[in-house]
Amino acid sequence: MNLSLYLLTVLIWGTTWIAIKFQMGEVAVAASIAYRFALASLVLFAMLWLSGRLQPLDRRGQGICLVQGLCLFCLNFLCFYTASQWIPSGLIAVIFSTATLWNAINARLFFKQRIAANVLLGGALGLVGLGLLFWPELVGHEASHESLLGIGLALLGTLFFSAGNMLSSLQQKAGLKPLTTNAWGMLYGALMLVLICLASGTPFTFEWNARYIGSLLYLAIPGSVIGFTAYLTLVGRMGPERAAYCTVLFPVVALNISVFLEGYQWTAPALLGLGLVMLGNVLVFRKPKPVLTEARA
């Protein structure tokens, strides 16, 4: 089950970059993200209501969903979309992959979970591997004030993502399923994005063409309803630090798709980076050996 959820998350989120690329155009970024999560929330609520699986939430549960929506389905995306204006996508991927390390640290701080050495080592190898994968893009980028701002926003977005992971883990410990908490969280995230658009004077335009509508549907249903549910279920089943290694594998899937769609060519450093990413994956999921204790008479 864990392997199926893991592969499903990696494959879906490794392909959403194509749909996000198709979203870029006349519609403002904040409006597009609001459309995405409003539609995803509607689909989730309809599915849960029809199947009778919508769990009741008390005031505490609703409050956590509100903060989770702000972190995971609002500010997280605004930070990354804005950062992409000033820094290359490869650098964003490298920064986002630090979620494995942030989740391990936050799980230790908030849930007193022991930080496994293999998870930290695997996350570090994955980070180095991504650096090699995107090395030409990274060295070809000139440093500037805007670059530093973009790096700061990407790091802030990663921290918001990690905070959302912790909140989902907290909800699951209380017996709440990701389907229900995601439905409420996405609704709150969409509402906050609408408020941000209204406050900033961002227009709610729409592109009535197959490219925009098709990409919106893909981002809302596979990318959000299925992807976030699978990922956050992994957070509850495997722990935030192991689940977050998905963020290292998303760019690998994206690059392999880019071979066919954009003519990307593998190089020796990139292949070495891919090897390090896969080695990191093995280390992250390696189960620690049980400690044997001597039996006392």
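Residues numbered from 1 in each chain as written. Predicted model: local features only at pLDDT ≥ 70, side-chain atom pairs only at ≥ 80, totals over all residues. Heavy atoms only, no water.

Spelled out, the test is: UniProt positions are given in the numbering used here, feature names are shortened, and annotations may be inferred rather than shown by experiment.
Identification of the protein as DMT family transporter from Pseudomonas berkeleyensis is taken from an unreviewed UniProt entry. Turning to the protein, the UniProt record has this under Subcellular location (unreviewed entry): "Membrane".

## Quick look at the side chain of Ser 169
We apply this condition: Helix and strand assignments follow DSSP, with helices taken as H or I runs no shorter than four residues and strands as E runs no shorter than two, numbered in order from the N terminus. Only protein chains enter the area calculation, which uses a 1.4 Å probe; residues under 20% of their type maximum are buried, those over 50% are exposed, and those in between are partly exposed. Any two residues having at least one pair of non-hydrogen atoms within 4.5 Å are treated as being in contact.
The topology assignment puts Ser 169 in helix H9 (residues 145–173). Take Ser 169: its relative accessible area is 4%, and that puts it in the buried class. Filtering out sequence-adjacent residues up to four positions away, Ser 169 remains in contact with Phe 111, Val 235 and Pro 240.

## What to know about the packing of aromatic side chains
In plain terms, the rule: Two aromatic rings, drawn from Phe, Tyr or Trp (for Trp, its six-membered ring), form a pair once their centres lie within 6.5 Å of each other, and the interplanar angle then sorts them: stacked below 30 degrees, edge-to-face above 60, tilted otherwise. Placement of a positive charge over a ring is assigned whenever Lys NZ or Arg CZ falls within 6 Å of the ring centre and within 35 degrees of the normal to the ring plane.
Enumeration over the complete set of coordinates arrives at 17 aromatic pairs. Between Phe 37 and Phe 73, the ring centres sit 5.2 Å apart and the planes meet at 55°, which makes this aromatic pair tilted. A residue pair is termed long-range when its members are at least 10 positions apart, and Phe 37 in helix H3 (residues 29–51) and Phe 73 in helix H4 (residues 59–83) qualify at 36 residues. According to the relative accessible area criterion, Phe 73 is buried, its value standing at 0%. Against the face of Phe 111 rests Lys 173, its NZ or CZ located 5.2 Å from the ring centre.

## As for the packing of H4 against H9
The line we're drawing: A fitted line through C-alpha atoms serves as each axis, taken over the contacting stretch for helices, and the angle formed by two N-to-C directions is quoted from 0 to 180°. Under this scheme an angle from 65 to 115 degrees is roughly perpendicular, one under 35 degrees roughly parallel, and one over 145 degrees roughly antiparallel; angles in between are oblique. A crossing counts as left-handed when the near helix is turned anticlockwise from the far one by less than a right angle, and as right-handed when that turn is clockwise. Each residue gets one of three labels, nonpolar for Ala, Val, Leu, Ile, Met, Phe, Trp, Tyr, Cys and Pro, charged for Asp, Glu, Lys and Arg, and polar for the others, Gly among them.
Taken N-terminus to C-terminus, the directions of H4 and H9 make an angle of 155°; their axes are 8 Å apart at the nearest point. Comparing the axis directions of H4 and H9 gives the class roughly antiparallel. The handedness of the crossing between H4 and H9 is left-handed. The residue inventory of the contact of H4 with H9, partitioned by class, reads 17 nonpolar, 11 polar and 1 charged.

## Re the layout of surface pockets
Applied cut-off: Cavities and pockets are found on a 1 Å grid laid over the protein atoms alone: a cavity is a set of points where a 1.4 Å probe fits but cannot escape, a pocket is an open set with protein on both sides within 12 Å along at least five of seven lines, and a lining residue has an atom within 4 Å of such a point. Grid points are joined across faces, edges and corners, and a volume is the space filled by probe spheres set on the points.
Its volume calculated, the largest pocket comes out at about 1,200 Å³. In this structure, the largest pocket is lined by 37 residues; those nearest its centre are Trp 17, Ile 20, Ser 89, Ile 92 and Ala 93. Elements supplying a minimum of two residues to the lining of the largest pocket: helix H2 (16–23), H4, helix H5 (89–96), helix H7 (117–133), helix H8 (135–139), helix H11 (210–238) and helix H13 (246–261). Ranked by residue count, the leading element in the lining of the largest pocket is H13, at 6 residues.

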